[in-house]
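Chain residues, written in single-letter form:
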Amino acid sequence: YIYCNIDPFAQYLVIYLSTMTNCTKSIVVSNQSQPISFEGWLNLLDISPNVANRIKRAELPIVFPVNIGAIKSTNRCIGETICEEKIQIAKHLGEKLNAMGMAKAKQGLWQEALTIWGDALHVQKVILGSENSDVACTLNNIGIAMFWLGRVELALNALEEALRVRRTVFGDTHLDVAATHHNIGNILMRKCDYFTALLSFQEELRIKKQLISKSGKDAGDCDLTQAFLGIGKAYLKMSQFQEAKSNFQDALKVFKDLDVSDDHPEVVRILRDTKKCDLYESRAKRLPRI
């Protein structure tokens, strides 16, 4: 594919349509002041008459913009359901791009993942708007990528925006909101802002406990262990060893209720951190008081 000054959303539509139609022809697309006609797109993509007819009958949810300005100014599309079609395509493309980014992240290729998620965010914001759960998901991913790339302030900005959007969409009591609080807590721990990190982890725990109480979710579904561990680690960094140990023990209790074995890596780490609490506390008691 060769692209010449074309909006990213139009690029992905070209890829999306050509993938669906098994198109192998190279495509050269240039930015124009007016939308390319439906027939023009079909010629560019060299798709079969059968596929073209299905698109005309709106069996395939496709729109054909040249640029974002063309979409907004003319509202041209195939069929009569322009808004629904644009939303469905944006959602589909966003999911595809997020999955691509996640695959890169699992390989440790965080810069590549960040680039892909940035493209996804652009498409989603233009079509879905800023106050959307898909946008929040992508912002959350961007924040995590920024974190692993060492761009702590940018990571925090992205995660705080994801939290704001998720609160707007879901309300304050939702697992996605809790997960974002946890991610923000991790960023704040990296910044050595342990007290504020503690508040984030405590808010995560509050939300998860409320979900268990109100909706009948169990501790495993809500992953209470992550909240307890975050709180414990924050207290440990603040040299509040009894509070840290108490939360580590709460995490161990959840694992025990879930029949997790003692040799599970997470259990081993918690036991190690619990011993640290005892060790550091005993050392602190031996220090001379001023």
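A brief look at the structure comes next. (Residues numbered from 1 in each chain as written. Predicted model: local features only at pLDDT ≥ 70, side-chain atom pairs only at ≥ 80, totals over all residues. Heavy atoms only, no water.)

**Things to note about unusual backbone geometry**
The phi dihedral of cysteine 192 is positive, around 65°, even though this residue is not glycine. With respect to the helices and strands, the residue cysteine 192 is situated in the loop between helix 9 (175-190) and helix 10 (194-215). With a phi angle near 60°, aspartate 259 is a residue other than glycine that sits in the positive phi range. When you line up the elements, aspartate 259 lands in the loop between helix 13 (241-257) and helix 14 (265-286). On the basis of relative accessible area, aspartate 259 is assigned to the exposed category, the value being 70%. (Helix = DSSP H or I, 4+ residues; strand = E, 2+ residues; numbered from the N terminus. Buried < 20%, exposed > 50% of the residue type's maximum accessible area, 1.4 Å probe, protein only.)

**Considering the pattern of salt bridges**
Going through the model one piece at a time under the given rule, you end up with eleven salt bridges. When the shortest N-O distance is used, the salt bridge between arginine 167 and aspartate 172 registers 3.4 Å. Given a relative accessible area of 35%, arginine 167 falls into the partly exposed group. A relative accessible area of 43% places aspartate 172 in the partly exposed class. Notably, a salt bridge pairs aspartate 257 with lysine 253, separated by 3.3 Å at the nearest N-O pair. Highlighted residues: aspartate 257 and lysine 253, both in helix 13, separated by four residues, approximately one helical turn. (Salt bridge = Lys/Arg side-chain N within 4 Å of Asp/Glu carboxyl O.)

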